[in-house]
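Descriptive analysis of the structure
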Number of protein chains: 2
Amino acid sequence: MELRPFKTLSRRTIIDQGPYLTVESHTVEWPDGQVISDWPWIVGPDAAIVLAITCDGKFLCFRQTKYAVEGTSLAPVGGMIEPGEDPLDGANRELLEETGFQSTDWIDLGSYRVDPNRGVGIRHLFLARDAQRVAEPSNDDIEDQELLHLAREELEDALRSGEFRVLSWAATVSLALQYLARSGEKD
Amino acid sequence: MELRPFKTLSRRTIIDQGPYLTVESHTVEWPDGQVISDWPWIVGPDAAIVLAITCDGKFLCFRQTKYAVEGTSLAPVGGMIEPGEDPLDGANRELLEETGFQSTDWIDLGSYRVDPNRGVGIRHLFLARDAQRVAEPSNDDIEDQELLHLAREELEDALRSGEFRVLSWAATVSLALQYLARSGEKD
């Protein structure tokens, strides 16, 4: 079966709030030829999410609050990619800024569209192994957060019980654990 | 360490396009007391995503096109939850509508916020086991798609090679495979 593409016939900006949010309205020709003239499209920042394992086998995670999450959540390292920045460079930068750790052993867990209809941005997911502390964290995020060093079993339990409460965070942890299970690594 | 909450001081609607997209601007008091007066907030529909295994051990997936995905992607079953609908009821309904299959053995893989800062909606992820064909699909989506029955190894290969190109789809498949590995099931 041949799957036909969508075509964007025109686009206009409805809201422009810089790198954090642009909302557009697209006129789209669907695969069946139908034209939809008011398709909402969201341009948000792309982000890199990093699950890091230290050289002594602990997983670096934050316990933190975020505006869109009720209560607290566990979270891997993550943050916005700067315009023009390579996703892996952004991942390295975020890991260093947020934790003071560096890694030279990176596994690419894939890049994924946030919303299949509205866009929203891309999430680039990584596993960073053998991370070593090289600096103080220089995190300027204004959220409250605390850095934890979790054993593999604690990480698995936390994922299973829903403590990673954001889609990209749960996806990163799950894909990373599957990678590690396949590669037969132990912590 | 006690993590302090965010407070929404006020909110106003900037764009109202019904159930598909509402954009708001919030005035937010951050945990450190700082007040931010123009925080973009996106209200999108919640969705249920379902990885279904048939009674003969095959995984139901679509090969499909979506507006926000270049080329084609593999996808589990999924769709918007109607206002007021229970997520599991929505998952059952989507599975039946899109594939004609029903299951009585549902595993809840968790509910996750799409974007930790902007909101966007919630994704409720499920594994449905022992699915049986009871009807013709009645799918009225206007995307092109074809329904595949994948063996477990094919599914694992497809996830690993990035063929599930949307965050909620990759998360569902990864979490489901981890659940199955834990429960020692074979296809």
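My aim in this report is to walk through the structure given alongside it, one point at a time. (Residues numbered from 1 in each chain as written. Chains lettered and ligands numbered in written order. Predicted model: local features only at pLDDT ≥ 70, side-chain atom pairs only at ≥ 80, totals over all residues. Heavy atoms only, no water.)

1. Re the interface of chain B and chain A
The test is simple: Contacts are assigned to residue pairs that have any heavy atoms within 4.5 Å of one another. Accessible surface is computed with a 1.4 Å probe, and the buried area is the amount of it that two parts give up when combined, taken over both parts together. Think of a salt bridge as a Lys or Arg side-chain nitrogen and an Asp or Glu carboxyl oxygen that are within 4 Å of each other. Here a polar contact is recorded for every N or O atom pair within 3.5 Å, except that within protein the pair must consist of a potential hydrogen donor and a potential acceptor, and residues adjacent in sequence are included only if both atoms are side-chain atoms. For helices the rule is a DSSP run of H or I covering at least 4 residues; for strands it is a run of E covering at least 2, with both sets numbered from the N terminus onward. When residue character is reported, Ala, Val, Leu, Ile, Met, Phe, Trp, Tyr, Cys and Pro are called nonpolar, Asp, Glu, Lys and Arg charged, and the others, Gly included, polar.
Contacts between the two partners involve 63 residues from chain B and, on the opposite side, 63 residues from chain A. When chain B packs against chain A, close to 5,700 Å² is buried across both sides, 66% of that on carbon and sulfur atoms. Across the chain B-chain A interface, the total number found is 2 salt bridges. The partner of Asp115 of chain A in a salt bridge is Arg123 of chain B, with the nearest N and O atoms 3.2 Å apart. Seen at the junction of chain B and chain A, the total is 17 residue pairs in polar contact (both at pLDDT 80 or more). Among the elements that make up the side of chain B that touches chain A, the one with the highest residue count is helix α3 (residues 167-182) of chain B (10 residues). Each residue belonging to the side of chain B that touches chain A can be placed in one class, and the counts come to 33 nonpolar, 14 polar and 16 charged.

2. Some remarks on the environment of Gly162 of chain A
Within the secondary structure, Gly162 of chain A sits in the loop between α2 (152-160) and α3 (167-182). It is 17 Å that separates the C-alpha atoms of Gly162 of chain A and Leu60 of chain A, two residues lying 102 residues apart in sequence.

3. Observations concerning the pattern of salt bridges
This is how the line gets drawn: Summary of the burial criterion: residues with accessible area below 20% of their type's maximum are buried, those above 50% are exposed, and those between are partly exposed, where the area comes from a 1.4 Å probe applied to protein chains only.
A full pass over the atoms with the stated rule returns 26 salt bridges over all chains. With its nearest N and O atoms 3.9 Å apart, the salt bridge here joins Arg12 of chain A to Asp38 of chain A. Remark: Asp38 of chain A occurs in strand β3 (residues 35-43) and Arg12 of chain A occurs in strand β1 (residues 7-16); sequence separation between them is 26 residues. For Arg12 of chain A, a relative accessible area of 51% gives the class exposed. Between Arg160 of chain B and Asp157 of chain B there is a salt bridge, with the nearest N and O atoms lying 2.5 Å from each other. Of this pair, Arg160 of chain B and Asp157 of chain B both sit in helix α2 (residues 152-160), separated by 3 residues, roughly a single helical turn. For Asp157 of chain B, a relative accessible area of 39% gives the class partly exposed. Through salt bridges that share partners, Glu82, Glu85, Arg93, Glu94 and Glu97 of chain A make up one connected network.

4. Examining the packing of aromatic side chains
Using the following cut-off: Stacked, edge-to-face and tilted labels apply to pairs of Phe, Tyr and Trp rings (six-membered ring for Trp) whose centres lie within 6.5 Å, assigned for plane angles under 30 degrees, over 60, and everything in between, in that order. Geometrically, a lysine NZ or arginine CZ counts as sitting over a ring once it is within 6 Å of the ring centre and also within 35 degrees of the ring normal.
A complete count under the given rule lists 12 aromatic pairs over all chains for this structure. Ring plane angle 85 degrees and centroid distance 5.8 Å describe the contact between Trp106 of chain A and Phe126 of chain A, whose orientation is recorded as edge-to-face. In this pair, Trp106 of chain A sits in strand β9 (residues 105-115) while Phe126 of chain A sits in strand β10 (residues 119-133), placing the two residues 20 residues apart along the sequence. As far as the burial class goes, Trp106 of chain A and Phe126 of chain A line up, both buried. Three or more aromatic residues link up through ring pairs in this structure, and these residues are Phe6, Trp30, Trp39 and Trp41 of chain A together with Tyr67 of chain B. Positioned above the aromatic ring of Trp39 of chain A is the side chain of Arg118 of chain A, whose terminal nitrogen or guanidinium carbon lies 4.1 Å from the ring centre.

5. Details of α3 of chain A
Every α-helix carries 3.6 residues per turn, so stepping three or four residues along brings you back to the same face. Note the cut-off: Between the first and last residue of a helix there are one fewer steps than residues, each counted as 1.5 Å, and that sum is the expected span.
Helix length check: α3 of chain A, at 16 residues, gives a terminal C-alpha distance of 22 Å against a target of 22 Å (1.5 Å per residue), a fit within 8%. Just beyond α3 of chain A, the residue with positive phi is Gly184 of chain A, at close to 70 degrees.

6. Some remarks on the relation of the copies chain B and chain A
Convention followed: Copy-to-copy superposition: least squares on the C-alpha atoms, limited to residues that have pLDDT of at least 70 in both copies.
Once chain B has been moved 0.0 Å along the axis and rotated by 180 degrees, it coincides with chain A to within an RMSD of 0.0 Å. The two molecules are tied by a two-fold rotation axis, judged by turn and shift. Identified as the residue of chain B closest to the rotation axis by C-alpha distance is Ala171 of chain B, at 2.3 Å. Of the interface residues in chain B, 100% have counterparts in chain A that sit at the interface too, so the contact is made through matching surfaces.

7. Some details on the pairing of strand β2 (residues 22-29) of chain B
All names here are of chain B. Note the threshold: Whether two strands pair depends on DSSP finding at least two bridges between them.
Of all 8 residues making up β2, 7 are buried, and the element is well covered by its neighbours. Pairing of strand β1 (residues 7-16) with β2 involves 8 bridges; the strand directions are antiparallel. Residue pairing in the sheet places Ser10 in a bridge with Thr27 of β2. Hairpin connection of β1 to β2: 5 residues between the antiparallel strands, including Gly18 at a positive phi of 70 degrees. Examined bridge by bridge, β2 and strand β3 (residues 35-43) share 7 bridges and lie antiparallel to one another. In the strand pairing of β3, Glu24 is matched with Trp41. Where β2 hands over to β3, the hairpin turn is made up of 5 residues, of which Gly33 adopts a positive phi near 95 degrees.

8. As for the packing of α3 of chain A against α3 of chain B
Here is the rule: Lines fitted to C-alpha atoms define the axes, with helix axes restricted to the stretch in contact, and inter-axis angles between N-to-C directions lie between 0 and 180 degrees. For classification purposes, an angle smaller than 35 degrees is called roughly parallel, one larger than 145 roughly antiparallel, one from 65 to 115 roughly perpendicular, and anything else oblique. Here is the rule for handedness: rotate from the far helix to the near one, and if that takes an anticlockwise turn smaller than a right angle the crossing is left-handed, while a clockwise turn gives right-handed.
The contact between α3 of chain A and α3 of chain B brings their axes to 9 Å, and the two run at 45 degrees. Regarding the angle of α3 of chain A to α3 of chain B, the classification is oblique. You can see that α3 of chain A and α3 of chain B cross each other, and the crossing is left-handed. Seen from α3 of chain A, the contacting residues are Leu167, Ser168, Ala171, Ser174, Leu175, Leu177 and Gln178 of chain A; seen from α3 of chain B, they are Leu167, Ser168, Ala171, Ser174, Leu175, Leu177 and Gln178 of chain B. Residues of the contact of α3 of chain A with α3 of chain B, tallied by class, amount to 8 nonpolar, 6 polar and no charged.

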